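Below are the chains, spelled out letter by letter.
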Amino acid sequence: MTLQDLQKIVYDAGIVGAGGAGFPTHRKFSDSVKQIVVNAAECEPLMMVDHHILEKHLQALVDTLNVLLDTMGADEAIIGIKGKNMHLLDSKIVASLAGTRVSIHEIPDIYPAGDEVVLTYETTGKIIPEGAIPVMVGVMVINVETVYNISKALRNGEGVTEKYITIGGDTKEDITVKAPVGIKIRELLETAGFGDLDGKAVVNGGPMMGKLVDLENDVVTKTTKGLLIFPETHSIIQRKRMPMSMTLKRASAACCNCTMCSDMCPRQLLGYDLHVHKTLRAASHSEVTNTESFLQSALCCGCGVCTVIACQQMLDPQAISMEIKGSLAKHGLKRTNNKAPEHVSPYRTSRLVSSSVLIDKLGIRKYVKDHVERRDVAFDPSRVYIELKQHVGKPASAVVKVGDAVKVGQIVAATAYEDLGTTMHASISGKVAEVNDRFVVIER
Ligand code: SF4
Ligand code: SF4
């Protein structure tokens, strides 16, 4: 198989980064890749999707990695997993990897171990330059579920129609389910037995980086990884609900310029020129003359360590930094003085944030269960809403029209192959009921 064949198969299958980023995977393949780093860190508390896939499908993942290595001419694949989760891996398969190009690398139980800059450093010792992508240091970072989706596409041309999702938080039990892409989140929770949401709010993603769910409108996409339920009054929900105007007012009134938010930043600790306290001061004090204070937000990964761990004034530098980062992207503004870090901070080791500390700081210890069950739930939605933009890049355009009969797995929308984007598939068989700017709606 050529690199071009592989790219086309993965584009046709609609595969994007399943860990939450949504970058079209076929665009990551390159003959410049020398090392594939599989992101099995799953470092946001309460999430169990990747671990369940690793537990059940490790051999399929290894086989797929070998195909990727051959096709790209890469040297090795490294599965980066926390030592505490090694027991989930089939020991016979792990033993069989000795001396092969695929290896397992134990990473420390820190947050954010899954940030691609941190993960690349922990697994390869390389630091991705500021503003660069991993391939610039010969690395491709790929999520566990993304590799699994590639394995299905290679095996039988299967497109992405289902998504693994952990449901947990303030619940009697936590489970991981496989749900059709496009099902309404409220319907998914009700069918799975989590429909009693009185006084609760739902976060799509982890407690650190996830977003609040709009239960009336939000649907499962290819990047939905966790649905975490918390009381409305929990600080996680309160913080995510706070309007930016209030976040800025609080910062203006209470920031003491202690610089702890910058000092604890995982990317700054790897040498990035990222000083989020300056961003926060500039934004909250309307100091608009120093553009660098704003442009450096492009280097932020939104991990939230500055907010949850560092700031003793309970301010939210993460939200301010990410708001500015989003605005920069929207207006096409780029930072032009990016550098390749030369030194890791000598304080890095002592400032790494353990998962256990994070859980306590978030106030979610009581929600951590001993066991998260992988459960087969028969989802049978009568309607699915296939979003046209579930990925980084250009939205897909519908290739079907109202009234068309479609079969599960059929492509219903696509971004042109030359553009950054992907394809979308029907997740149920039925008729196209509606096509609008956001969705292709399919009715059973
Ligand atoms: S969210 Fe805060 S700690 Fe995380 S990368 Fe951005 S500035 Fe650094
Ligand atoms: S840690 Fe909080 S108080 Fe200190 S500089 Fe950062 S935002 Fe201001």
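Remember, it's a predicted structure, so these values are computed and weren't measured experimentally.

So, about the overall build of the protein. Counting secondary structure elements, the protein contains 15 helices and 19 strands. Relative to the 2.2 N^0.38 estimate, which gives 22 Å for 444 residues, the radius of gyration of the protein is 21 Å and therefore close to what a compact globule would have. Counting only C-alpha atoms, the protein reaches 60 × 55 × 45 Å along its principal axes. Counting the 444 residues in the protein, one finds 54% classified as buried.

What follows deals with the packing of helix α8 (residues 244–254) against helix α13 (residues 317–330). The geometry of a pair of packed helices is captured by two quantities: the angle between their axes and the separation between those axes. The geometry of α8 relative to α13 is characterised by a closest axis approach of 10 Å and an angle of 125° between their N-to-C directions. Relative to α13, the element α8 lies oblique. In this structure, α8 meets α13 at a crossing whose hand is left-handed. Residues Met244, Thr247, Leu248 and Ala251 of α8 touch α13, and the partners they reach there are Ala319, Ile320 and Glu323.

Under the counting rule described, the total for this entry stands at 28 salt bridges. The residue Arg186 makes a salt bridge to Glu216 at a minimum N-O spacing of 2.9 Å. In this pair, Arg186 sits in helix α6 (residues 185–191) while Glu216 sits in the loop between β9 (211–212) and β10 (226–231), placing the two residues 30 residues apart along the sequence. With relative accessibility at 28%, the residue Arg186 sits in the partly exposed group.

All residues in the neighbourhood of ligand 1 are listed as Cys265, Pro266, Leu274, Val276, Cys300, Cys301, Gly302, Cys303, Gly304, Val305 and Cys306. In terms of residue class, the shell around ligand 1 is made up of nine nonpolar, two polar and no charged.

As a further point, take the site of ligand 2. In the neighbourhood of ligand 2, the contacting residues comprise Cys255, Cys256, Asn257, Cys258, Thr259, Met260, Cys261, His277, Leu280, Cys311 and Gln313. The set of elements that each furnish at least two residues to the shell around ligand 2 consists of α9 (260–263) and α10 (276–284).

A word on the packing of aromatic side chains. Here the structure, examined in full by the defined rule, presents four aromatic pairs. Aromatic side chains Tyr11 and Tyr417 sit 4.7 Å apart centroid to centroid with 70° between the ring planes, which places their arrangement in the edge-to-face category. Residue Tyr11 is located in helix α1 (residues 3–12), and its partner Tyr417 is located in the loop between β16 (411–414) and β17 (423–425); the two are separated by 406 residues in the primary sequence. Note on Tyr385 and Phe439: the rings are 5.5 Å apart at their centroids and 70° apart in plane angle, and the pair reads as edge-to-face. Residue Tyr385 is located in strand β13 (residues 383–387), and its partner Phe439 is located in strand β19 (residues 439–443); the two are separated by 54 residues in the primary sequence.

On to the sheet that holds strand β15 (residues 405–406), then. With respect to topology, four strands assemble into an open sheet ordered β13-β19-β18-β15, the strand pairing being antiparallel. The open sheet has two free edges, formed respectively by β13 and β15, since each of these has just one partner strand. Bridge count for β15 against strand β18 (residues 430–435) is two bridges, and the pairing is antiparallel. Along β18, the bridge assignment pairs Val406 with Gly430.

On to the domain arrangement of the protein. For the protein, the assigned domains read domain 1 (3–156), domain 2 (161–234 + 363–381), domain 3 (242–353) and domain 4 (382–444). The centre of domain 1, based on its C-alpha atoms, is set 27 Å off from the matching centre of domain 4. Contacts between the two partners involve 15 residues from domain 1 and, on the opposite side, 15 residues from domain 4. The largest per-residue losses of area from domain 1 upon contact with domain 4 belong to Tyr11, Pro24 and Arg27, which jointly make up 46% of the total buried on that side. Where domain 1 touches domain 4, the interface holds zero salt bridges. The interface formed by domain 1 and domain 4 holds eight residue pairs in polar contact (both at pLDDT 80 or more) in total. A class-by-class count of the residues in the side of domain 1 that touches domain 4 yields seven nonpolar, five polar and three charged.

Rules of the game
- Residues numbered from 1 in each chain as written.
- Chains lettered and ligands numbered in written order.
- Predicted model: local features only at pLDDT ≥ 70, side-chain atom pairs only at ≥ 80, totals over all residues.
- Heavy atoms only, no water.
- Helix = DSSP H or I, 4+ residues; strand = E, 2+ residues; numbered from the N terminus.
- Rg over C-alpha atoms; globule rule 2.2 N^0.38 Å.
- Buried < 20%, exposed > 50% of the residue type's maximum accessible area, 1.4 Å probe, protein only.
- Axes fitted to C-alpha atoms, helices over the stretch in contact; angles between N-to-C directions.
- Parallel < 35°, antiparallel > 145°, perpendicular 65-115°, else oblique.
- Left-handed = near helix turned anticlockwise from the far one by under 90°.
- Contact = heavy atoms within 4.5 Å.
- Salt bridge = Lys/Arg side-chain N within 4 Å of Asp/Glu carboxyl O.
- Near = heavy atom within 4 Å.
- Nonpolar A, V, L, I, M, F, W, Y, C, P; charged D, E, K, R; others polar.
- Phe/Tyr/Trp six-rings, centres within 6.5 Å; stacked < 30°, edge-to-face > 60°.
- Pairing = 2+ DSSP bridges.
- Domains from an automatic or database assignment.
- Buried area = accessible area lost by both parts, 1.4 Å probe.
- Polar contact = N/O pair within 3.5 Å; in protein donor to acceptor, adjacent residues only side chain to side chain.

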